[in-house]
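# Report on the structure
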Protein chains: 2
Amino acid sequence: MTETAPRPTLEAVAARAGVSRATVSRVVNGGDGVRPPLVERVLRAVDELGYVPNQAARSLVTRRHDAVAVVIAEPETRVFADPFFALQLRGISKELTAHDNQLVLLLTEGRDDHARVGRYLAGGHVDGALVFSLHLDDPLPGLIRRAGVPTVFGGRPGWSDDDERAAVYVDSDNRGGARDAVRHLVGLGRTRVAHITGPLDQTSAADRLAGYRDVMAGTDPGLVAEGDFTPAGGERAMRALLDRCPGLDAVFAANDLTASGALRVLRERGLRVPDDVAVIGFDDMLPLAEQTDPPLTTVRQPIEEMGRLMARLLLGSPRDGAAPADGSEPPTGVVLPTTLVRRASA
Amino acid sequence: MTETAPRPTLEAVAARAGVSRATVSRVVNGGDGVRPPLVERVLRAVDELGYVPNQAARSLVTRRHDAVAVVIAEPETRVFADPFFALQLRGISKELTAHDNQLVLLLTEGRDDHARVGRYLAGGHVDGALVFSLHLDDPLPGLIRRAGVPTVFGGRPGWSDDDERAAVYVDSDNRGGARDAVRHLVGLGRTRVAHITGPLDQTSAADRLAGYRDVMAGTDPGLVAEGDFTPAGGERAMRALLDRCPGLDAVFAANDLTASGALRVLRERGLRVPDDVAVIGFDDMLPLAEQTDPPLTTVRQPIEEMGRLMARLLLGSPRDGAAPADGSEPPTGVVLPTTLVRRASA
């Protein structure tokens, strides 16, 4: 058979099988939606005509599923416990729905399941992937690269510079926002400013710590304690800090959930906020940040908008606000600004 | 070409193209994971050899994706606002992961998007579907039937009896649990027992209302107000009930979120719980049910276990606890028992 020889068409198979063109296409492309007797009939016609579904294979290669995978590199329990993810998913869902794309959320119990996620992404079920909350040494980025699906990351990926330049991601100005928070505390006259970090295998946590250090260069390293972006982690770190540095007069917490845990411990120890200890969070997670006691001063990042922008970049629609750092195409990092929101805690 | 004629194999195409068998298979089955130059090479070999990927097509028809779709027939915002869904997903996720199956959560903005969900299910991306929180007149069950994927429903589907007998579902004893709750209130000497329902286009809400009526037959219809399984709906219904029937002395709320809203309104109106008005919820949603003021007496249903059981029934592993109602195979409805959990509110 040469390149130019006429060959049986999909239409011919459909006519022979007495089914629609769509049914033949569906059988050749997977067949799950077709009743078994029809599948048999189509396959028999394929046999009899010697049909080579070459065009079908070609179209498969480029076919659009109108579906986008979302992978949050956290256990399912954390995905549902942290409102950050719900908010980012809300932005993604709105944008994908506006483009009639199906949001396919791939949930896992943890990192051990990421190889399976890679297989699903490689399996030709989605047109692209949105991936967030990556941790260092997670095999996921490599699996995604091998899967060959277009991907936009939420948050600056933490791998080597070369790869990072090639990756498209949406982030907020974690380092600048952290600097604003700590400068505000210093401006209030606080001198013993502590920091409860997020998990330091995530770039968002590392960048906020860098912003803290930009302002507090040379300060007592005992004023930094590692948290994990959860209220329980904030409680543990706050206790450790108070035990180590009872004279601290301010805390910058890496997110609002962490701050809420810290506030509970400060209250429990009889310390007044902000009189004795001023507290600032990060996220402006509502209603939490308004309902803490006292209401939380925090660094606002546009979480839902970040989700929308990730989806928009993946779908390739007009890139509102997506200015590539160096003017080249395609954009790599898109970094959105943060804002300090003042409430009662600092 | 006859049924028995030798034909070029996948292996022959792989050898001609100088790639692995897996690469050829991936190109023929979709190709998303293969770099374009390799795809071209494989397609050229397919052409040159006149390869008919008939076996590939057959294997596609029966192939396992090791992936299961979960569809919650609610807008994405409600999925993340109601801990019921997180808990049911937890059970599903644990069970699917134990069988190395990928959980594929299909999120939507609402019912208008269900046709797209149907297309995804029909597209050959998953081995089966778990579907819950169905509402009457939702096109989803019909779309799922047409998609032809094995499905287990969470909650008794509300469509006609014939179809229901064919559907496999996992439910809790909503009617029996409601009867237990209302009998407990009557046993406390309460005579004006109100009920705040869930959305009555869902069988869980309709069945709980039926259980209430089993015990309170012939009571004032003004004692029933419709809610929507949310705290805000519980507040609205509680206000309406107090305006209509200021003498009511007990409330059975269709779920714990609804009860939490009702408790807020009772406190706001200066009514003491349980002295003036006894309150019972449904779910035993923790920590909520322990943290309400006062802690909530409620009807416990095993939500996480229901999720696990749905997944187990779909995967066809040993059917713990899945006793078909009439001894026939396959099981249709699997109804798990509920338990009254006494705390301070009744």
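Look a little higher up for the structure.
The rules we used
- Residues numbered from 1 in each chain as written.
- Chains lettered and ligands numbered in written order.
- Predicted model: local features only at pLDDT ≥ 70, side-chain atom pairs only at ≥ 80, totals over all residues.
- Heavy atoms only, no water.
- Pairing = 2+ DSSP bridges.
- Helix = DSSP H or I, 4+ residues; strand = E, 2+ residues; numbered from the N terminus.
- Axes fitted to C-alpha atoms, helices over the stretch in contact; angles between N-to-C directions.
- Buried < 20%, exposed > 50% of the residue type's maximum accessible area, 1.4 Å probe, protein only.
- Right-handed = clockwise from strand over helix to strand, strands pointing away.
- Phe/Tyr/Trp six-rings, centres within 6.5 Å; stacked < 30°, edge-to-face > 60°.
- Lys NZ or Arg CZ within 6 Å of the ring centre and 35° of its normal.
- Salt bridge = Lys/Arg side-chain N within 4 Å of Asp/Glu carboxyl O.

### Quick notes on the sheet that holds strand 7 (residues 224–226) of chain B
Residue and element names in this part refer to chain B. Ordered by their spatial adjacency, 6 strands build an open sheet running 7-6-8-9-10-12, and the pairing between neighbours is mixed. Only two strands of the sheet have a single neighbouring strand rather than two, namely strand 7 and strand 12 (339–341). Within this sheet the neighbouring strands show an average axis-to-axis angle of 20 degrees, counted without direction. Sheet topology places strand 8 (residues 250–253) next to strand 9 (residues 278–283); 3 bridges connect them, and they run parallel.

### Here's the deal with unusual backbone geometry
Following Val273(A), the chain continues into Pro274(A) via a peptide bond in cis, with omega recorded as 5 degrees. As for its position among the elements, Pro274(A) is in the loop between helix 13 (256–268) and strand 9 (278–283). Cis geometry marks the peptide bond from Leu286(A) to Pro287(A); its omega dihedral reads 5 degrees. The backbone of Asp100(A) shows a phi angle near 50 degrees, a positive value even though the residue is not glycine. Inspection of the secondary structure assignment puts Asp100(A) in the loop between helix 6 (83–98) and strand 2 (102–107). Classification of Asp100(A) by relative accessible area gives partly exposed; the value is 39%. Residue Ser133(B) is not a glycine yet carries a positive backbone phi of 65 degrees.

### A closer look at the pairing of strand 8 (residues 250–253) of chain A
Neither face of strand 8 of chain A is exposed, since Ala250(A) and Phe252(A) on one face and Val251(A) and Ala253(A) on the opposite face are all buried. Handedness of the β-α-β unit built from strand 8 of chain A, helix 13 of chain A and strand 9 of chain A comes out right-handed.

### Some points on the packing of aromatic side chains
For the coordinates displayed, the defined rule picks out 6 aromatic pairs over all chains. Geometrically, the ring pair formed by Phe252(B) and Phe282(B) is tilted, given 6.5 Å between the ring centres and 55 degrees between the ring planes. Here Phe282(B) lies in strand 9 and Phe252(B) lies in strand 8, a separation of 30 residues in the sequence. Across the pair, Phe282(B) and Phe252(B) agree in class, each one buried. Within the aromatic cluster, the residues linked to one another by ring pairs are Phe84(A), Phe85(A) and Phe132(A). One residue, Arg208(B), lies across the ring of Phe282(B), its end atom 3.8 Å from the ring centre.

### Some thoughts on the pattern of salt bridges
Close approach of charged atoms allows side chains with opposite charge to pair. Counted under the stated rule, the structure contains 48 salt bridges over all chains. The shortest N-O distance in the salt bridge between Glu11(A) and Arg21(A) comes to 2.4 Å. Of the two residues, Glu11(A) is situated in helix 1 (residues 10–17) and Arg21(A) in helix 2 (residues 21–28); the sequence distance between them amounts to 10 residues. Across the pair Arg179(B) and Asp214(B) runs a salt bridge, and its minimum N-O distance is 2.6 Å. Separated by 35 residues along the polypeptide, Arg179(B) in helix 10 (residues 174–187) and Asp214(B) in helix 11 (residues 203–215) bring together distant segments of the chain. Ionic contacts of the salt-bridge type, sharing partners, join the residues Glu95(A), Glu305(A), Arg308(A) and Arg312(A) into one network.

The analysis is restricted to geometry; functional conclusions fall outside its scope.
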